[in-house]
Amino acid sequence: MKTLGYYPGCSLSGGGIELDLSVRAIAKVAGVELREIEDWNCCGASAAHSLDHSLAVALPFRVLALAESQGLSEVLAPCAACFSRLKGTQVRLTRSPELGQRMQELVERPYNGTVRILNINEFVASLLAEGLAGKFTRKLGLKVVAYYGCLLSRGEDIVTSDDAEDPQGMAAAIRVAGCEVLPWNSSNECCGGGFSMSKTGSVLDLSQAILDEARAVGADLVVTGCPMCHSNLDMRQLELLKRRRVPGALPILYLSELLGLAAGLEPGALGLGRHFIESRQLVRGGA
Amino acid sequence: MARIGVFICHCGENIGRTVDCPAVSAAAVRMPGVVHSVDYKYMCSDPGQQMIKKAIVEMKLTGVVVAACSPRMHERTFRAAAAEAGLNPFLLEMANLREHCSWVHADKAAATQKAIDLVRVMVAKARRDRALRPIRVPVEPTALVVGGGIAGIQAALDIAAGGKKVVLVERGPSIGGHMARLSETFPTLDCSQCILTPRMVEAASHPNITLMTYSEVESVEGFVGNFTVTVRHKARYVDPAKCTGCGDCFNKCPLKNIPNEFDAGLGMRRAIYVPFPQAVPNKPVIDAAHCTMLQKGKCGLCAKICPRGAIDYKDQDSLVKVKVGAVVLATGFQLWDHAAYGEYGGGRLADVIDGFAFERLASASGPTGGLIKRPSDGKEPKTIVFLQCCGSRDDKAGKKYCSKICCMYTAKHAMLYRHKVHDGRAVVFYMDVRAAGKGYEEFVRRALSDDGAEYVRGRVSRITRKQDGTLVVRGADTLAGRPVTIEADLVVLADAVVPRPGSEKLAQIFGVGYDQDGFYSEAHPKLRPVETAAAGVFLAGACQAPKDIPESVAQASASAAKVLGLFANPELEREPIIARVNRATCAHCRACISACPYGAAKDFDVLDRAGKVLRTVVDVNEGLCQGCGTCAAVCRSHSVDLDGFTGEQIHAELNALL
């Protein structure tokens, strides 16, 4: 059985708990063990790097050092922001050996840079390589737009597995799940990101543009991999519905949820019941 | 007894800044064999050369070491000076204190020590130099021009006008190149066809020019003055001697929907075709990849129709050898493929086109007859956005360099569009407008003031297509400091200028250098702009760097002048740096014969007075030998030595260092 290190971060035990449930579920179907890093800490998220550059690197450094000392050569960070922080730290360390020295003194742990960090798209690709598709039982037949946002497409040293301007990392998995991937223009447009609280108006405008185009091309749902994108498109959609700025509800699923459904798992077990926008009707007898 | 003079050059500050030249001079005069040493600011200048000449005569020097720049730069200069003073030029050596020392070091003391070492090495070599006599070889006064675009045509016409024969080889079915595809030309809006097609006809009918279209250079043997070039005549499947160009075949060919490369894929051609009606020669070829007769053995319609029986489905490629004395490479350019830009649709948006496609839309002979219609639905675009620097000046996804011609042709496009669609809007996104040429700035100004082109300074971040087919262009207006969004019907990308595919392979065939982008390297960026590192091979046009028509034509005429200069003498002098076999010790193992890349090492019978063969050894053909030294390296009995670089000299150089 293949073993992967697992870094849930804060989001997967809070707002993005469905991501945690569905990732663990499809890993189980594929026969991959997810071993949570013991004593993990916050990645710094969007807060640390706007306060202190050392702290912004030291927090992920400690996580990577723990993973290495626990014998984990590959670590999955399902949250796109966590991935970006961990991988970004890894890249900075390869650029500057002196930074690694400083961090080692700061967190009092050695790290030799041996851990490979996977985002959700890379993780799913590896599951497909392990034969996940052979375990799919449910015919979904949905029309899907793949939404990557920024953290799963951008940073040329960070998202090395995809093209920043024309990301395709989810397309193969969605097709294997028996769905059609519709071409659209908004796959890497901004959802408003971390301004959900401070500039809600802007986030509503940006999320609406994405939802409008998804509906215009005829999508049944939007698939994403990022908890931040999910909350802006799912939770903030309630507000858009209330103000009648969108004509109807459009379900937003995590890629791992879609694959879980294809694998025949119950919508509830994947966390579909926890979304603000109802999505269980996407599978027969689901709602 | 050797009497060596050492001359140390400061090269202005190039050497003098990091090397203590007087100290080198003082050290040199104490070296064995050195009788005279001096340093000077510019040794290559007239007073510098006079110093050398005077010393040769007055000090009765038997050898000279000039410690200055690379021998590639000025060895020829200094050897000529030595010869004028009566010294055999091959008794002069250069120590490279600039490229090999001052330019790459910062520590003055260490650099000075290294400079002294370099001088000592060359003194050791110069003491063992032997006087050599230049080798004279006959020159074949025929030139090969590779590429039949405007540069190649111009070079061929100029050489032919000088009374010398030219073989003009073109890869495509017709000469004319990209210029034949253009509508009008900047900055005068001359009709491109009207100024080009008479030249094409002239090239085809000139008694001194042999046209070889649909042909490619396969291999080259020989050296300057005596190249043997093998040209592959690709199978045309149409006998040009019988064909009258009546056009019955390509009007009847049932395959009507093959995108015509000449029209940037916007127009269609048949499987048997001439690329454009004004083609030279105006004889069709069959595109074997599409023809059903050649692929599946079915159809044969063109053969049935042809009144002259010119169609031959059994035609095959043939190889032709031509003997030439000089070569002009004029292989031209193509546009970079903007599919690499995902943000501009990754090449999937039909209404996002490149500059050539717009030229064909604007051309009277184009697929739309000169009407501006967008490819997706044939509608006349009411707003066109032009994007400059697409792939140029972008070292991430595109090319680092400026493609030079795009500012001008984009202004021309905007102008032509506004002349044809009076209520249309032409918006140009630019980084800088680089209009440095005669009448160029005025031309761009005219596009702005007379023709109402709207110039926006900034980059476009994204082009998307709405459901109704409208293109949404989002970018930055960096002068106003705000984002802009423009809805357009057509977007024209000024894609970067890149070399033709296969140009690197051709460079290797001719031994010509090329840069990291594949453009051919000239021998010196300022003073030898049309020569290459390969003697007798010259450059013309955009194969060397992005160039517009006037520049390509100027360079073509320059290379023609170089070719005619080379052909002015029936014989050519070449450096006598060749291999020499010691016949007394040669065991005739023939290792050198199989090692020689130029076929210069040959069997040689040593005869007695009666003409009887005493023994067979190896001899080197002076005309063919390039002095590479491979034979000297493989010879087991040390019977081969290289003039100017003898084994004894190399060992002496090494000893001087140890």
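Chemist: Go over the overall build of chain A, please, and point to the residues and values.
Modeler: Assigned secondary structure in chain A consists of 11 helices and eight strands. Relative to a compact globule of 287 residues, whose C-alpha radius of gyration would be 19 Å, chain A shows 19 Å and is just as compact. Looking at chain A as a whole, 49% of its 287 residues are labelled buried. Restricting the contact set of chain A to residue pairs at least 6 apart, pairs at least 24 apart contribute 77%.

Chemist: Residues and numbers for the domain arrangement of chain A, please.
Modeler: Residues and elements named next belong to chain A. Along its sequence, chain A is carved into domain 1 (2–120) and domain 2 (137–282). Once you take the C-alpha centre of each, domain 1 and domain 2 turn out to be 24 Å apart. Listed per partner, the contact involves 22 residues of domain 1 and 25 residues of domain 2. Of all the secondary structure elements, the ones that give two or more residues to the side of domain 1 that touches domain 2 are helix H1 (17–30) and helix H4 (80–95). At nine residues, H1 tops the list of elements feeding residues into the side of domain 1 that touches domain 2.

Chemist: Explain the sheet that holds strand E5 (residues 143–147) of chain A to me, using residue names and the numbers behind them.
Modeler: Residues and elements named next belong to chain A. The strand order across the open sheet formed by four strands is E6-E5-E7-E8, and the pairing between neighbours is parallel. One side of each edge strand has no neighbouring strand; the edge strands of this open sheet are strand E6 (180–181) and strand E8 (252–254). Of the strand pairs in this sheet, E5 and E6 are connected by two bridges, and their pairing is parallel. Looking across to E6, one finds that Val144 is bridged to Val181. Of the strands in this sheet, strand E7 (221–224) and E8 are in contact with helix H10 (residues 255–262), which crosses E8 at around 80°.

Chemist: Describe helix H6 (residues 192–205) of chain B, listing the residues and the values that go with them.
Modeler: Residues and elements named next belong to chain B. The end-to-end C-alpha distance of H6 is 20 Å, a good match for the 20 Å that 14 residues give at a rise of 1.5 Å each. Of all the residues in H6, the buried ones are Ser192, Gln193, Leu196, Met200 and Ala203. Angularly, the buried residues of H6 cover 100° about the axis, an arc narrow enough to put them on a single face. Those residues of H6 that are exposed and aimed more than 90 degrees away from the buried face are Cys194, Pro198 and Ser205. Contacts made by the buried residues of H6 are with helix H5 (150–161), strand E7 (165–169), strand E8 (184–185), strand E9 (190–191) and strand E10 (209–212).

Chemist: Provide a residue-level description of the interface of chain A and chain B, including the pertinent values.
Modeler: Tallying the contact residues gives five residues for chain A and seven residues for chain B. Partitioning the side of chain A that touches chain B into residue classes produces one nonpolar, one polar and three charged.

Chemist: Which residues make up the pairing of strand E26 (residues 482–488) of chain B, and what values go with them?
Modeler: Residues and elements named next belong to chain B. Bridge count between strand E25 (residues 471–477) and E26: seven bridges; the pairing is antiparallel. The partner of Gly475 across the bridge, within E26, is Val484. If you look at the hairpin formed by E25 and E26, you'll find four residues sitting between the two strands, and Gly481 has a positive phi there, around 70°.

Chemist: How would you explain the packing of helix H3 (residues 53–69) of chain A against helix H5 (residues 97–107) of chain A if you had to name every residue and give the values?
Modeler: All names here are of chain A. With their axes 10 Å apart at the nearest point, H3 and H5 run at an angle of 75° to one another. Regarding the angle of H3 to H5, the classification is roughly perpendicular. Contacts from Ser54, Val57, Ala58, Phe61, Arg62 and Ala65 of H3 reach H5 at Leu99, Met103, Leu106 and Val107.

Chemist: Residue-level account of the sheet that holds strand E2 (residues 34–40) of chain B, with values.
Modeler: Residue and element names in this part refer to chain B. Across the sheet, four strands lie side by side as E2-E1-E3-E4; this open sheet has parallel pairing. Where the open sheet ends on each side, the last strands, each with one partner, are E2 and strand E4 (92–96). Averaged over all pairs of adjacent strands, the angle between strand axes in this sheet comes to 15°, irrespective of strand direction. Helix H4 (residues 108–126) contacts strand E1 (4–9), E2, strand E3 (63–68) and E4 of the sheet and is inclined by roughly 155° relative to E3.

Chemist: If you had to explain the domain arrangement of chain B to someone new, which residues and values would you point to?
Modeler: All names here are of chain B. According to the domain assignment, chain B consists of domain 1 (4–126), domain 2 (142–234 + 317–332 + 500–567), domain 3 (248–305), domain 4 (335–498) and domain 5 (579–642). One C-alpha centre belongs to domain 2, the other to domain 3, and the line joining them spans 27 Å. Taken together, the 15 residues of domain 2 in the interface contact nine residues of domain 3. The leading source of residues in the side of domain 2 that touches domain 3 is H6, at five residues. Of the residues contributing to the side of domain 2 that touches domain 3, the split by class is eight nonpolar, six polar and one charged.

Chemist: Quick rundown of the environment of Gly300(B)? Include the residues and the values.
Modeler: Residues and elements named next belong to chain B. With respect to the secondary-structure elements, Gly300 resides in the loop between helix H8 (292–296) and helix H9 (301–305). Residue classification places Gly300 among the partly exposed positions, given that 13 C-beta atoms sit within 10 Å. Sequence separation between Gly300 and Asp451 is 151 residues, and the spatial gap between their C-alpha atoms is 52 Å.

Basis of the calculations
- Residues numbered from 1 in each chain as written.
- Chains lettered and ligands numbered in written order.
- Predicted model: local features only at pLDDT ≥ 70, side-chain atom pairs only at ≥ 80, totals over all residues.
- Helix = DSSP H or I, 4+ residues; strand = E, 2+ residues; numbered from the N terminus.
- Rg over C-alpha atoms; globule rule 2.2 N^0.38 Å.
- Buried ≥ 20, exposed ≤ 12 C-beta atoms within 10 Å, placed from the backbone.
- Contact = placed C-beta atoms within 7 Å.
- Domains from an automatic or database assignment.
- Pairing = 2+ DSSP bridges.
- Axes fitted to C-alpha atoms, helices over the stretch in contact; angles between N-to-C directions.
- Expected span 1.5 Å × (residues − 1).
- Arc of directions from axis to C-beta.
- Nonpolar A, V, L, I, M, F, W, Y, C, P; charged D, E, K, R; others polar.
- Parallel < 35°, antiparallel > 145°, perpendicular 65-115°, else oblique.

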